[in-house]
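Structure at a glance
Below are the chains, spelled out letter by letter.
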Amino acid sequence: KTEETRSNALAVQLDAAGKVKYDILARQGNRKDKIVFSKFSDLLPSEVKDDEDPELQKPDEEEVFEATEKTRQALEKLTSSKISAALPVRAAEKREPAQYIRYTPSQQGMAFNSGAKQRVIRMVEVQSDPMEPPKFKINKKVPRGPPSPPAPVMHSPTRK
């Protein structure tokens, strides 16, 4: 008769909040003093287990907005510095405005200078092509110094 009354069914137990304790299933068949971590909260340190702790609460909308603004500004600063470093240097140069020079040739007459006594010359800075390769090589390779001396090889002493 002892075989008939014996079963593997466990009695349902409730915790303080009224929820079913499922960790009894994990503890079944183990020693009573053995510690079984069956819930996520068992793995957390004791400081973190308090759900009502104000440090663990979700931030309000204002704090989230401030954090995102700080992050966005930091990322913009990083990306703008990277972009400005990647842009070609010569493209940023501003051209000076045109200069007008009054020119009076030394030889006067109808045969020279198309009969004009003076000319106005417009001086403009030559536009540089940003894609043009550099005209001077400035990255000369410096020869390497002598290498470090080889490590001494320890040989057994010579036989006499």
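Parameters and conventions
- Residues numbered from 1 in each chain as written.
- Predicted model: local features only at pLDDT ≥ 70, side-chain atom pairs only at ≥ 80, totals over all residues.
- Heavy atoms only, no water.
- Helix = DSSP H or I, 4+ residues; strand = E, 2+ residues; numbered from the N terminus.
- Contact = heavy atoms within 4.5 Å.
- Areas by Shrake-Rupley, 256 points an atom, 1.4 Å probe, with all protein chains shown as cover.
- Salt bridge = Lys/Arg side-chain N within 4 Å of Asp/Glu carboxyl O.
- Buried < 20%, exposed > 50% of the residue type's maximum accessible area, 1.4 Å probe, protein only.
- Patch = residues over 30% accessible without salt bridge, like charges linked within 9 Å, V, L, I, M, F, W, Y side chains within 5 Å.
- Polar contact = N/O pair within 3.5 Å; in protein donor to acceptor, adjacent residues only side chain to side chain.

A count of helices and strands for the protein gives four helices and two strands. When its helices and strands are written in sequence order, the protein yields α-α-α-α-β-β. Summarising the internal contacts of the protein: among those between residues at least 6 apart in sequence, 21% fall at separations of at least 24. Working note: accessible area of the protein is about 16,800 Å², and carbon and sulfur atoms make up 57% of it.

Below, the discussion takes up the pattern of salt bridges. Using the criterion set out here, one finds three salt bridges in the structure. A salt bridge links R72 to E69, with the nearest nitrogen and oxygen atoms 2.6 Å apart. With a gap of three residues between them, R72 and E69 both fall in helix 4 (residues 61-86), about one helical turn apart. Residue R72 is classed as partly exposed on the basis of its relative accessible area of 37%.

Moving on to a nonpolar patch on the surface. Together, L10, V12, L14, V20, Y22 and L25 make up an exposed nonpolar region whose accessible area comes to about 630 Å². Residue placement: V20 occurs in the loop between helix 1 (2-5) and helix 2 (23-27). With relative accessibility at 35%, the residue V20 sits in the partly exposed group.

What follows is about the environment of Q118. Structurally, Q118 is set in the loop between strand 1 (99-103) and strand 2 (119-123). Overall, the relative accessible area of 39% leaves Q118 in the partly exposed class. Taking C-alpha positions, Q118 is 6.9 Å from P105, a pair spaced 13 residues apart along the chain. If we ignore the near neighbours within four places in the chain, the residues touching Q118 are R102, Y103, T104 and N113. A distance of 3.3 Å separates a polar atom in the side chain of Q118 from a polar atom in the side chain of R102.

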